[in-house]
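Each chain, letter by letter, is given below.
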Amino acid sequence: MAVNIIGTGSYVPKNVADNQLLSTIVDTDDEWIRQRTGIKERHLSSGSKEGTSFMAIEAAKAALEHAGVSAEEMDLIIVATASADTYVPSTACQVQGELGAIRATCFDLNAACSGFLFSLNTADAYLETGMAKTALIIGAETLSREVDWSDRSTCILFGDGAGAAVLRREEGEGGILASVTGSDGSQGDVLTCKGRGIQNPFYKSRRKKDYIQMNGQSVFRFAVSTVPKYIKRVLKETGLEPDDIKYYILHQANRRILESIAKRIGVEMEKIPMNLDHYGNTSSASIPILLDEVNRNDLLQPGDKIVLSGFGGGLTWGATLVEWK
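Going along each chain's sequence as written, the residues are numbered from 1 onward. Only residues with pLDDT of at least 70 are given local features in this predicted model, and only at 80 or more are side-chain atom pairs given and counted; all residues enter the totals for whole chains, interfaces and linings. As a convention, hydrogens and water are excluded, and side-chain values are obtained from all of the structure's heavy atoms.

Visitor: Describe the sheet that holds strand 8 (residues 175-183), naming the residues involved and giving the relevant values.
Guide: When DSSP locates at least two bridges between a pair of strands, those strands are taken to pair. A helix here means a DSSP run of H or I that spans at least four residues, while a strand means a run of E at least two residues long, and both kinds are numbered starting from the N terminus. Judged by pairing direction, the sheet is mixed, and its four strands sit side by side in the order 8-15-14-13 without closing on themselves. The sheet is open, and its two borders are formed by strand 8 and strand 13 (247-250), each paired with just one other strand. Across the sheet, the axes of successive neighbouring strands diverge by a mean angle of 15°, strand direction being ignored. Summarising the sheet, strand 13 and strand 14 (residues 305-312) pair through four bridges and their orientation is parallel. The residue bridging tyrosine 247 from the neighbouring strand is isoleucine 306, located in strand 14. Axes here refer to lines fitted to C-alpha atoms; in helices the fit is confined to the stretch in contact. Angles between the N-to-C directions go from 0 to 180 degrees.

Visitor: Explain the side chain of threonine 28 to me, and be specific about the residues and the numbers.
Guide: Position of threonine 28 relative to the elements: it lies in the loop between helix 1 (19-22) and helix 2 (30-37). By relative accessible area, threonine 28 is classed as buried at 10%. Leave out the neighbours within four places in its chain, and threonine 28 touches Leu22, Ser23, Ile33 and Arg152. Using a 1.4 Å probe on the protein chains alone, a residue whose accessible area is under 20% of its type maximum counts as buried, one over 50% counts as exposed, and one in between counts as partly exposed. The contact rule is simple, with two residues in contact once any of their heavy atoms fall within 4.5 Å.

Visitor: Give me the environment of histidine 43: which residues, what numbers.
Guide: Residue position: histidine 43 is located in strand 3 (residues 41-43). Measuring from C-alpha to C-alpha, the distance between histidine 43 and alanine 80 comes to 19 Å, with 37 residues separating the pair along the chain. Leave out the neighbours within four places in its chain, and histidine 43 touches Val12, Pro13, Lys14, Asn15, Val16, Gly159, Asp160, His278 and Tyr279.

Visitor: So what about the packing of aromatic side chains? Which residues, and what values?
Guide: Two rings from Phe, Tyr or Trp (for Trp, the six-membered ring) form a pair when their centres sit within 6.5 Å of each other. Planes less than 30 degrees apart are called stacked, planes more than 60 degrees apart edge-to-face, and all others tilted. Enumeration according to the criterion identifies five aromatic pairs in this entry. On the numbers, 5.6 Å between centres and 85° between planes, the contact of tyrosine 11 with phenylalanine 54 is edge-to-face. Taken together, the residues tyrosine 11 in strand 1 (residues 2-11) and phenylalanine 54 in helix 3 (residues 52-67) connect sequence positions 43 residues apart. Aromatic side chains tyrosine 230 and tryptophan 317 sit 5.5 Å apart centroid to centroid with 35° between the ring planes, which places their arrangement in the tilted category. Of this pair, tyrosine 230 sits in helix 7 (residues 216-238) while tryptophan 317 sits in strand 15 (residues 316-323), and the two are 87 residues apart along the sequence. Among the aromatic residues, those joined into a ring-pair cluster are Phe222, Tyr230, Phe311 and Trp317. The positively charged end of arginine 152 is found above the aromatic ring belonging to tryptophan 32, 4.3 Å away from the centroid. We call a charge positioned above a ring when the Lys NZ or Arg CZ atom is no farther than 6 Å from the ring centre and deviates by at most 35 degrees from the ring normal.

Visitor: Run through the sheet that holds strand 1, naming residues and quoting values.
Guide: Taken in spatial order, the five strands make up an open sheet running 1-7-6-4-5, and their pairing is mixed. The sheet is open, and its two edges are formed by strand 1 and strand 5 (105-109), each paired on a single side. Across the sheet, the axes of successive neighbouring strands diverge by a mean angle of 15°, strand direction being ignored. Two strands pair when backbone bridges link them, and strand 4 (residues 76-80) and strand 5 are joined in this way by five bridges, in the parallel orientation. Considered in strand 5, the bridge of valine 79 is made with aspartate 108.

Visitor: Describe helix 7, with residues and values.
Guide: Compared with an ideal rise of 1.5 Å per residue, which puts 23 residues at 33 Å, helix 7 spans 33 Å between its outermost C-alpha atoms and is within 8% of the ideal. Looking at the buried side of helix 7, the elements it contacts are strand 8, strand 12 (213-214), strand 13, helix 8 (255-265), strand 14 and strand 15. An expected span of 1.5 Å times one less than the residue number is assigned to each helix.

Visitor: Lay out the nonpolar core in plain terms, naming residues and giving numbers.
Guide: Soluble, globular proteins show a tendency: their nonpolar side chains are buried together. Among buried residues, those of type Ala, Val, Leu, Ile, Met, Phe, Trp, Tyr and Cys that are joined through side-chain atoms within 4.5 Å constitute a nonpolar core. One finds Ile231, Tyr248 and Phe311 to be the most contacted residues of the largest nonpolar core, which totals 45 residues. Secondary-structure elements contributing two or more residues to this core are strand 8, helix 7, strand 13, helix 8, strand 14 and strand 15. In terms of residue count, helix 7 provides more of this core than any other element does, nine residues in total. Every residue in contact with isoleucine 231, bar those within four places of it in the chain, is listed here: Tyr248, Leu250, Ile261, Ile265, Val307, Ser309 and Ala319. Residues Val3, Phe116, Leu290 and Leu300 belong to the second largest nonpolar core, which totals 29 residues.

What follows is the structure, given as structure tokens:
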């Protein structure tokens, strides 16, 4: 039996904020942003009606249509997000309610930018053990409400969007061949976004809303050392060489990070597709949005091997090797 990705979908808001627009908000310019990040523009939500759950639902609809399956066939829905519209109900339950996926077990998962990979591996475990046959996994973020728009070190980086994939356990070989995930909470303070302060009869919080805060140099060093290590691990587990992989679908955080990863695993940049110039860092949505673009542009053929890999706050990381169906 194999766990295959049988459909993909994505959604991004129509509003586009290019670097020129940001230069009217904070002290920056197009050249400064491009040189340091590779980002030219990012898509931003138009308001509360275009929040995380709405984008997750739209990406899910596209993935189901692409897979040729109905919502009623879903046994499991996982939404990876660090920017849910509500604490309760979960985003996954909101997706279920809108789609009518009455059979599905639903929950959210937060592993920051690694969230889609953690969701993929969690769904794979459900499918491998027979607890589910068909699963819908989604990465969705509205990071534009989590950044301080007066802080040029963070507001230039992030965008909004959602990506989704449908997984099914089927007869045959291939599918998900190897996976690894990991976390290091001792380094959690290099990328943070605090929640509400405590308010109860014994304590009155006066803390204002916190926003995303990041130590960029620490995140860079972590990414370029950790991601190649775990990509090499899944390659070793399957007896493959770096050039055996058609594409490395990596978390879209920074062009310099992607170039450093390519150098460390010994592959040309043509094996590392990028769309961060148009979307920025969409956290848990970045890998599934890119996977959907690659898939819908007919760049994947049956038998192609791809690696999905990324890193995020926590700190967290993961890599998954897939043989495309």
